[in-house]
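Report on the structure
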Amino acid sequence: MMQLHYYPGNASMIPHIVLEEIGAPFELALVNREVQAHKSADYLKLNPNGLIPVLVDGELVLYETAAICLHLADTHPLSHLAPVVGTVERAHFYKWLMWLTNTLQPALMMYFYPDRYVAAGNAVGAAEVRAQAQARIGGMLQQLDDELARVQADGPLVRNPWFMGEHYTALDAYVFTLCRWTRGFDSKPARSYAHLGPYLQHMLARPAVQRVLAT
């Protein structure tokens, strides 16, 4: 049985949603950040970076959220959580997956942990880093909103409800989770954008998402 090492609200929510969508048996292993469990010797054997999540699938131990999502999509093709390999749609799937993990997610980390980017005790510098990160994230949220406007242009929301259009993919779990992290923004969280707002509500209604949030 697959095992997902997770912490509530973390990036581990993304593969957790994907696992719920797949419907294959899995179990959760809580990595309690409150007691620095992600820095323990046992956990560092799974992920030497000390980051969450980690997926254990038989003999395979896999970290990096995007890699986990790709593995789950590829090993459960009947779930249709990624377009067919070699298609234009798959290329765009790769593009957005890499953008989410390499562009939007690092900016969000700068917002939540600005002290990591300045000298110890530099509260003024940390506040400036956080403000600049939020401003940059605003532009990225607009990019997501524009993409949703584009894929929905051929019909109403009920026709093209997902990030890549008609078909739900692992990208939807990624977009939903990262947008959720903006809910505490003092200006323009993701839910306030014209297309992102209804999209996030549509995601929220999915049974898999509801099960993850309940857990």
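What this report covers is the structure whose coordinates are included nearby.

What counts, and where the lines are drawn
- Residues numbered from 1 in each chain as written.
- Predicted model: local features only at pLDDT ≥ 70, side-chain atom pairs only at ≥ 80, totals over all residues.
- Heavy atoms only, no water.
- Phe/Tyr/Trp six-rings, centres within 6.5 Å; stacked < 30°, edge-to-face > 60°.
- Lys NZ or Arg CZ within 6 Å of the ring centre and 35° of its normal.
- Pairing = 2+ DSSP bridges.
- Helix = DSSP H or I, 4+ residues; strand = E, 2+ residues; numbered from the N terminus.
- Axes fitted to C-alpha atoms, helices over the stretch in contact; angles between N-to-C directions.

**Some thoughts on the packing of aromatic side chains**
Between two aromatic rings, the relevant description is the distance of the centres plus the angle of the planes. One pass over the structure, following the stated rule, counts seven aromatic pairs. Between the aromatic rings of Tyr-111 and Phe-112, the centroid separation amounts to 5.0 Å while the plane-to-plane angle is 80°, which identifies the pairing as edge-to-face. Aromatic pair Trp-162 and Tyr-168: ring centres 5.2 Å apart, planes at 85°, arrangement edge-to-face. Grouped by ring-pair contacts, the aromatic residues Tyr-111, Phe-112, Trp-181 and Phe-185 constitute a single cluster. Between the NZ or CZ atom of Arg-116 and the centre of the ring of Tyr-113, over which it lies, the distance is 3.9 Å. Here Arg-206 stacks its cationic end above the ring of Tyr-168, 3.7 Å away from the centre of that ring.

**Description of the sheet that holds strand β4 (residues 60-63)**
Taking strand neighbours across the sheet as the criterion, the four strands line up as β2-β1-β3-β4 in an open arrangement whose pairing is mixed. In the strand order of this sheet, the two ends are held by β2 (26-30) and β4, each with one partner. Going from strand to strand, the sheet's axes swing by 20° on average, the running direction of each strand aside. In this structure, strand β3 (residues 54-57) lies alongside β4, joined through four bridges in antiparallel fashion. Considered in β4, the bridge of Val-56 is made with Val-61.

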